[in-house]
Structures are given as structure tokens and as C-alpha cells.
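What the coordinates show
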Amino acid sequence: MNSLRHRLIGLPALVLSITVAGCSSADDSGSAAVPSPGARTTELCQNLDKVLPSKVAGESRRDPEPASALTAGWGNPEIILRCGVPRPPKMTDPEVAEGRDPDAVAGGVNGVEWLMEERDGGAYRFTCANRRAYVEVTVPEGVDRSAVLIDLASAVKKAIPGGIAD
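Quick caveat, the model's predicted, so the values are computed rather than measured.

1. Details of the packing of helix α2 (residues 39–51) against helix α4 (residues 145–159)
In contact at an axis separation of 9 Å, α2 and α4 are set at 140 degrees when each is read in the N-to-C sense. In this view, α2 runs oblique relative to α4, as classed from their interaxial angle. Where α2 crosses over α4, the two elements pack in a sense that is right-handed. From α2, Leu44, Asn47, Leu48 and Val51 reach across to α4, where they touch Ala155, Val156, Lys158 and Ala159.

2. Some details on the state of the cysteines
Counted under the stated rule, the structure contains 1 disulfide. What pairs with Cys45 in a disulfide is Cys83, and their sulfur atoms sit 2.1 Å apart. Judged by the torsion about the S-S bond (-75 degrees), the Cys45/Cys83 disulfide is left-handed. Pair noted here: Cys45 is in helix α2 and Cys83 is in strand β4 (residues 79–83), with a separation of 38 residues, a long-range link. Residue Cys83 is classed as buried on the basis of its relative accessible area, which comes to 1%.

3. Some thoughts on the sheet that holds strand β6 (residues 112–118)
Strands sit in the order β3-β4-β8-β7-β6-β5 across an open sheet of 6 strands; the sheet is antiparallel. Strands with a single pairing partner mark the edges of an open sheet, and in this sheet they are β3 (71–74) and β5 (104–109). With direction set aside, neighbouring strand axes in the sheet form an average angle of 20 degrees. Bridge analysis of strand β7 (residues 124–129) against strand β8 (residues 135–139) gives 4 bridges, and the strand direction is antiparallel. When the bridges of β8 are listed, Arg125 appears paired with Thr138. Each of β3, β4, β5, β6, β7 and β8 is contacted by α4, which is oriented at about 140 degrees to β6, the strand it contacts most.

4. Notes on the nonpolar core
Membership of the largest hydrophobic core comes to 29 residues, with the highest contact counts inside it found for Leu48, Leu81, Trp114, Val137 and Ile160. Contributing elements (two or more residues each) for this core: α2, β3, β4, β6, β7, β8 and α4. Setting aside residues up to four positions removed in sequence, Val137 forms contacts with Ile79, Ile80, Leu81, Trp114, Tyr124, Arg125, Phe126, Val148 and Leu152.

5. With respect to the pattern of salt bridges
Opposite charge on two side chains makes pairing possible when the charged atoms of those side chains draw close. Applying the stated criterion across every chain yields a total of 6 salt bridges. A salt bridge links Asp49 to Arg61, with the shortest nitrogen-to-oxygen separation between them at 2.5 Å. You can see Asp49 sitting in helix α2 and its partner Arg61 sitting in the loop between β2 (59–60) and β3, a full 12 residues away along the chain. The residue Arg100 makes a salt bridge to Glu98 at a minimum N-O spacing of 2.3 Å. Among the ionic contacts, a cluster of salt bridges with common partners joins Asp49, Arg61 and Asp63.

Reading the values: rules and limits
Residues numbered from 1 in each chain as written. Predicted model: local features only at pLDDT ≥ 70, side-chain atom pairs only at ≥ 80, totals over all residues. Heavy atoms only, no water. Axes fitted to C-alpha atoms, helices over the stretch in contact; angles between N-to-C directions. Helix = DSSP H or I, 4+ residues; strand = E, 2+ residues; numbered from the N terminus. Parallel < 35°, antiparallel > 145°, perpendicular 65-115°, else oblique. Left-handed = near helix turned anticlockwise from the far one by under 90°. Contact = heavy atoms within 4.5 Å. Disulfide = S-S within 2.5 Å. Buried < 20%, exposed > 50% of the residue type's maximum accessible area, 1.4 Å probe, protein only. Pairing = 2+ DSSP bridges. Core = buried A, V, L, I, M, F, W, Y, C linked by side-chain atoms within 4.5 Å. Salt bridge = Lys/Arg side-chain N within 4 Å of Asp/Glu carboxyl O.

Following this line, the structure appears as C-alpha cells:
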């Protein structure tokens, strides 16, 4: 009888461990801090989310957590887009404008101007310039940066009008 009681006590623990394992997520999608822009910028970012491509640099869309219309992602490791971020300090740095900053360069791709900043570990962060909302794209090491910007340019031009962000 004592042996039966030990088996019955062990059964709930086994069921619990199977249940917990079954509920854990095998999805290893990344996370991204959700920006908190004003209402006008949020509306522009929501419009951008509606026209973003399903593939970027050949990678399928896999949005980061927490889910938000202000963030998007593609691939693994993820290419992360965040819309409505604050203006990066390097965007107004005269050394960048004069080409004297080795870690930041201004340039354009298909009608969208970007500030490119090299990050630790070989990643890059791009922030669009001269648009009504700042859109930031983080590209991990080993991903074709130009393909990412080419694939996103049309959506950015369509949803985020030219001008200066608030």
C-alpha cells in the first residue's frame, strides 16, 4: 500500500511537469523596447506597420515581444525595426556631417536618408532622417545591410512623409 501511495504522489508531479513543458514556447523571437512617441507619430508608425514587407533581406517577418505596431522583426537573429524613437544624438553631430566620425555615417538608399551607426559585435543601427518620424532599424552581424534598407525604403517613403520629426 505504501508503494501505491508513492506512485500516486509522483503522478501529479509528472503531469505538472508535462503540462509546463507543453506550455513553454519554442519560439525564440527576440524582444524590443517599444517606443512611446506622441499621438501624431504613433499614427504614422501604425501606418508604417500596415505597409511593411513580409520579407526583408530574404527573411520572413517575426515580430518581437511585446507585440506592438511600433516594432517589427525579420529573421533569426532578428532584424528589428522600431518606429517613433527619439532622434539619435549623432544625427546632429557635426563630426558625422563632416565625415569625421568613424562609427557613424550619413547616407541614403532609394530616396530614404539614414544615419548608420556601428554597434558592438558587428551589428549596425540605422535611423531614418528627414522624415516626420524617426524609424530605427538594427541589423545583426552577417546580414546584408543594403538589402535591408532597400527592402524597407518603399514602406518608409509611403507611410512616413518627408520633413522634420517632432
